[in-house]
Amino acid sequence: TFQRNDAALKTLGVTEREVTVLELLASGQSNKEIARSLDVSPNTVKTHVASLFAKLGVQRRTQAIAKAKELSLIA
């Protein structure tokens, strides 16, 4: 059973919305698809993704997903 690492989330400052965006990224959705799913603008998604990249210390979507899984932020 997957157990989310809440301590890492708090330490990194990752918000619940950013976790949701990470999960949708991991499912292979594009920014436009994520925006539609969350009923926000694509620019808002870009802002969340950029924030996640900075918090996780990565430069690419694949790196963000791999690091999030490594830290048990997402399943």
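Owing to the predicted nature of the structure, the values given are computational and were not obtained by experimental measurement.

The next thing to look at is the packing of helix α2 (residues 16–26) against helix α4 (residues 42–56). Two elements in contact, α2 and α4, have axes whose closest approach is 10 Å; the angle formed by their N-to-C orientations is 95 degrees. With respect to α4, the axis of α2 lies roughly perpendicular. Across the interface between the two elements, Arg17, Glu18, Val21, Leu22 and Leu25 of α2 pack against His48, Val49, Ser51, Leu52, Lys55 and Leu56 of α4. Considered class by class, the residues forming the contact of α2 with α4 number 6 nonpolar, 2 polar and 3 charged.

Bringing the pattern of salt bridges into the picture now. Tallying each qualifying case throughout the model produces 2 salt bridges. The salt bridge partner of Glu18 is Lys55, with a shortest N-O separation of 2.9 Å. Taken together, the positions of Glu18 in helix α2 and Lys55 in helix α4 put the pair 37 residues apart, joining distant regions of the chain. Note on Glu18: relative accessible area 5%, which makes it buried.

Residues Asn31, Ile34, Ala35 and Leu38 constitute the buried set of helix α3 (residues 31–38). All buried residues of α3 project into a common sector of 100 degrees when viewed along the axis, lining one side. Across α3 from its buried face, at more than 90 degrees, point the exposed residues Lys32 and Arg36. Here the buried face of α3 lies against α2, α4 and α5 (61–70). Asp39, located one to two residues past α3, shows a positive phi value of around 55 degrees.

Ranked by size, the top nonpolar core spans 22 residues in total, and within it Val21, Leu22 and Ile34 carry the most contacts. The set of elements that each furnish at least two residues to this core consists of α1 (6–12), α2, α3, α4 and α5. For Val21, the contacting residues outside a window of four places in its chain are Ile34, Leu38, His48, Val49 and Leu52.

Let's shift gears to the packing of α3 against α4. Packing of α3 against α4 brings their axes to within 8 Å, and their N-to-C directions diverge by 110 degrees. It follows from the interaxial angle that α3 and α4 lie roughly perpendicular. Facing Asn31, Ile34 and Ala35 of α3, the residues of α4 in contact are Pro42, Val45, Lys46 and Val49. A class-by-class count of the residues in the contact of α3 with α4 yields 5 nonpolar, 1 polar and 1 charged.

Analysis parameters
- Residues numbered from 1 in each chain as written.
- Predicted model: local features only at pLDDT ≥ 70, side-chain atom pairs only at ≥ 80, totals over all residues.
- Heavy atoms only, no water.
- Axes fitted to C-alpha atoms, helices over the stretch in contact; angles between N-to-C directions.
- Helix = DSSP H or I, 4+ residues; strand = E, 2+ residues; numbered from the N terminus.
- Parallel < 35°, antiparallel > 145°, perpendicular 65-115°, else oblique.
- Contact = heavy atoms within 4.5 Å.
- Nonpolar A, V, L, I, M, F, W, Y, C, P; charged D, E, K, R; others polar.
- Salt bridge = Lys/Arg side-chain N within 4 Å of Asp/Glu carboxyl O.
- Buried < 20%, exposed > 50% of the residue type's maximum accessible area, 1.4 Å probe, protein only.
- Arc of directions from axis to C-beta.
- Core = buried A, V, L, I, M, F, W, Y, C linked by side-chain atoms within 4.5 Å.

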